[in-house]
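These are the residues of each chain, in order.
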Number of protein chains: 2
Amino acid sequence: MTQQRQIILEELRQVNSHPSADEVYEMVRKRLPRISLGTVYRNLEILSELGEIQKLELGGDLKRFDRNPIKHYHIRCMRCGRVDDAPIAPLNQIENELYGATVYTIIGHRLEFEGLCPQCSKTPGKS
Amino acid sequence: MTQQRQIILEELRQVNSHPSADEVYEMVRKRLPRISLGTVYRNLEILSELGEIQKLELGGDLKRFDRNPIKHYHIRCMRCGRVDDAPIAPLNQIENELYGATVYTIIGHRLEFEGLCPQCSKTPGKS
DNA sequence: GTGTTATCAGTAATAATTACTAAAATTAAT
DNA sequence: ATTAATTTTAGTAATTATTACTGATAACAC
Ligand SMILES: [Mn+2]
Ligand SMILES: [Mn+2]
Ligand SMILES: [Zn+2]
Ligand SMILES: [Zn+2]
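Summary of the structure given here.

So, how was this worked out
- Residues numbered from 1 in each chain as written.
- Chains lettered and ligands numbered in written order.
- Predicted model: local features only at pLDDT ≥ 70, side-chain atom pairs only at ≥ 80, totals over all residues.
- Heavy atoms only, no water.
- Helix = DSSP H or I, 4+ residues; strand = E, 2+ residues; numbered from the N terminus.
- Contact = heavy atoms within 4.5 Å.
- Near = heavy atom within 4 Å.
- Polar contact = N/O pair within 3.5 Å; in protein donor to acceptor, adjacent residues only side chain to side chain.
- Nonpolar A, V, L, I, M, F, W, Y, C, P; charged D, E, K, R; others polar.
- Donors = N, O, S within 2.8 Å, 3.2 Å for Na, K, Ca; no water.
- Tetrahedral: all angles 85-135°; square planar, octahedral: opposite > 155°, others 65-115°.
- Buried area = accessible area lost by both parts, 1.4 Å probe.
- Salt bridge = Lys/Arg side-chain N within 4 Å of Asp/Glu carboxyl O.
- Least-squares fit on C-alpha atoms with pLDDT ≥ 70 in both.
- Core = buried A, V, L, I, M, F, W, Y, C linked by side-chain atoms within 4.5 Å.
- Buried < 20%, exposed > 50% of the residue type's maximum accessible area, 1.4 Å probe, protein only.

1. Comments concerning the environment of Ile 75 of chain A
Examined against the element boundaries, Ile 75 of chain A turns out to sit in strand E3 (residues 74-77). The residues contacting Ile 75 of chain A, other than those within four sequence positions of it, are Arg 82, Val 83, Asp 84, Asp 85, Ala 86, Phe 113, Glu 114 and Gly 115 of chain A together with Leu 98, Thr 102, Tyr 104 and Ile 106 of chain B.

2. Here's the deal with the protein's contact with DNA strand D
Near DNA strand D you find 15 residues, and of these Arg 34, Thr 39 and Arg 42 of chain A together with Tyr 41 and Lys 63 of chain B are the closest. When the atoms of DNA strand D within 4 Å of the protein are grouped by moiety, sugar and phosphate amount to 80% of the total. At 2.7 Å from a phosphate oxygen of DNA strand D is found a side-chain nitrogen or oxygen belonging to Thr 2 of chain A. One of the side-chain nitrogen or oxygen atoms of Arg 34 of chain A is found 2.3 Å away from a phosphate oxygen of DNA strand D. Of all the secondary-structure elements, those providing two or more residues to the surface near DNA strand D are helix H1 (3-13) and helix H3 (37-49) of chain A together with helix H3 (37-49) of chain B. When the residues that make up the surface near DNA strand D are grouped by side-chain class, the tally is 5 nonpolar, 5 polar and 5 charged.

3. A few points about the coordination of the zinc ion (ligand 4)
Residue and element names in this part refer to chain B. Every protein donor of the zinc ion (ligand 4) is listed here as Cys 77 (SG), Cys 80 (SG), Cys 117 (SG) and Cys 120 (SG), and their distances to the metal cover 2.3 Å. Viewed at the metal, the 4 donor atoms of the zinc ion (ligand 4) are separated by angles of 103 to 113°, and the geometry they form is tetrahedral. Sequence spacing of the donor residues for the zinc ion (ligand 4), all on one chain, is C-x2-C-x36-C-x2-C. Placement of Cys 80 in the loop between strand E3 (74-77) and strand E4 (83-85) and of Cys 117 in the loop between strand E5 (105-116) and helix H5 (118-122) is noted, with a sequence separation of 37 residues between them.

4. Looking at the coordination of the manganese ion (ligand 2)
Taken together, His 18 of chain B (NE2), Asp 66 of chain B (OD), His 72 of chain B (NE2), His 74 of chain B (NE2) and Asp 85 of chain B (OD) make up the full set of protein donors to the manganese ion (ligand 2), lying 1.9 to 2.3 Å away. Donor residues binding the manganese ion (ligand 2) come from one chain and are separated in sequence as H-x47-D-x5-H-x1-H-x10-D.

5. Looking at the interface of chain B and chain A
The partner chain A presents 37 residues to the 37 residues of chain B that form the contact. In total, chain B and chain A occlude about 3200 Å² of area from one another, counting both sides; carbon and sulfur atoms represent 62% of this. One salt bridge in this structure joins Arg 110 of chain B and Glu 114 of chain A, with 2.7 Å as the shortest N-O distance. Put simply, chain B and chain A have 18 residue pairs in polar contact (both at pLDDT 80 or more) between them. When contributions to the side of chain B that touches chain A are tallied by element, the ones reaching two or more residues are E3, E4, helix H4 (94-98), E5 and H5 of chain B.

6. What to know about the relation of the copies chain B and chain A
Superposing the two chain copies requires a rotation about an axis and a translation along that axis. For the pair chain B and chain A, the superposition axis carries a translation of 0.0 Å, the fit reaches an RMSD of 0.1 Å, and the rotation angle comes to 180°. The symmetry that links the two subunits is that of a two-fold axis. Closest to the rotation axis within chain B is the C-alpha of Leu 111 of chain B, separated from it by 2.3 Å. Most of the interface of chain B is mirrored in chain A, where 100% of its interface residues are also at the interface.

7. Some details on the nonpolar core
Counting 29 residues, the largest nonpolar core has Ile 88, Leu 98 and Phe 113 of chain A together with Ile 88, Leu 98, Leu 111 and Phe 113 of chain B as the members making the most contacts within it. Apart from residues lying up to four places away in sequence, Leu 111 of chain B is in contact with Ile 94, His 109, Arg 110 and Leu 111 of chain A together with Tyr 73, His 74 and Leu 91 of chain B.

8. Regarding the protein's contact with DNA strand C
In the region of DNA strand C, 15 residues are neighbours, and Tyr 41 and Lys 63 of chain A together with Arg 34, Thr 39 and Arg 42 of chain B sit closest. When the atoms of DNA strand C within 4 Å of the protein are sorted by group, sugar and phosphate make up 82%. Lys 63 of chain A is positioned such that a nitrogen or oxygen atom in its backbone is 2.6 Å from a phosphate oxygen of DNA strand C. Between Asn 43 of chain B and DNA strand C, the recorded distance is 3.2 Å, taken from a side-chain N or O atom to a phosphate oxygen. Elements represented by at least two residues in the surface near DNA strand C include exactly H3 of chain A together with helix H1 (3-13) and H3 of chain B.

Function-wise, these values are silent; they only describe arrangement.
Right, dumping it as C-alpha cells:
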C-alpha cells in the first residue's frame, strides 16, 4: 500500500458522491500535487479488484467510483450526470428468472434508474 | 428520408445483434462505399429519436443500436462484449418502489445482466 | 426550374482511458 | 543496514469512441 494508494482511498472514503477518475484526481491533488492521472486510474482499478471500493460502469460516457464496495443500485441524472444510491432492496431472485431462458452463463446484473436531480428538475427544460 | 438514412435502417433491421456505430458503418459500407462514419452516427441518432430504432447505453465503452425500439432488457458478455436480449418481463412496478425514497424525478430504469456467452464460457478462463 | 433547407463526405477536434518508459520507491533477501 | 529484486510512479504518448466543423451536394417546396 503506497502513499498514493492510501490517500486515494482516504479521499474517496470522504465523499458520498460517485466521482469519476478525474474528480478523484482533483481531490487527491490537493494533498499530493505531483500525482499523475495515470496513477489515479491504476490505483482505483487495483482498489476495486481488492474489494476496497467499487468501479461503476453506468450509462453516460465515463466510469465512476464508489466508496461502498457492496453491490447496490443507483440513480443517475440524465441532464448533469449526478449519481446517487437508489434505496431499493437487491433483486436477489431476478437472475433465476433468466436461468434456462438464455444461452449465457449469468454472473450478475445491474439496475440503474434514470431521472432528474432536484437542481435539474427545477431548471426550465431546455433539452 | 435520404438514401443513406434508409439504408442504415434497412441494414440494422436485418440483424439480430446489437451493433456498435462502427459495426453499422461496416455493414452499410458494402452498399454505400462512400458513406462516412459521421453520417452513420448522425442518422442512428436521428432514427432513435424518431423511435424507429433504439440507442443502447450499456456497460462497456461503446454505444450499441437495437433494431427493436421497444424497451427491453439485455445480457452482455463480460469477455467479448456480445449483447443479446434478456427474455424477462419488464419490471413495471419497480420505479414506484423508489418513489418518495429519492429526491430525483424518476424517468426510467435500465436492467442489464452480465455473464459469459457460450463461446466465452467454453474457453479456459484466462482473465 | 429556382431558391431554400437539410444532409453529406471528409476532416479535425474532444475526451476518457490505456500504454509506455525511465526514475523512484518499496519490499525481500542477505 | 546494504544490496538486490520487484513494484510503482510521474510524465508523456497513443488509442478509441464520439462529436464538431465546413464547403459541397442532394432533397424539398414553390
Ligand atoms: Mn453507490
Ligand atoms: Mn435488444
Ligand atoms: Zn442533474
Ligand atoms: Zn463472449
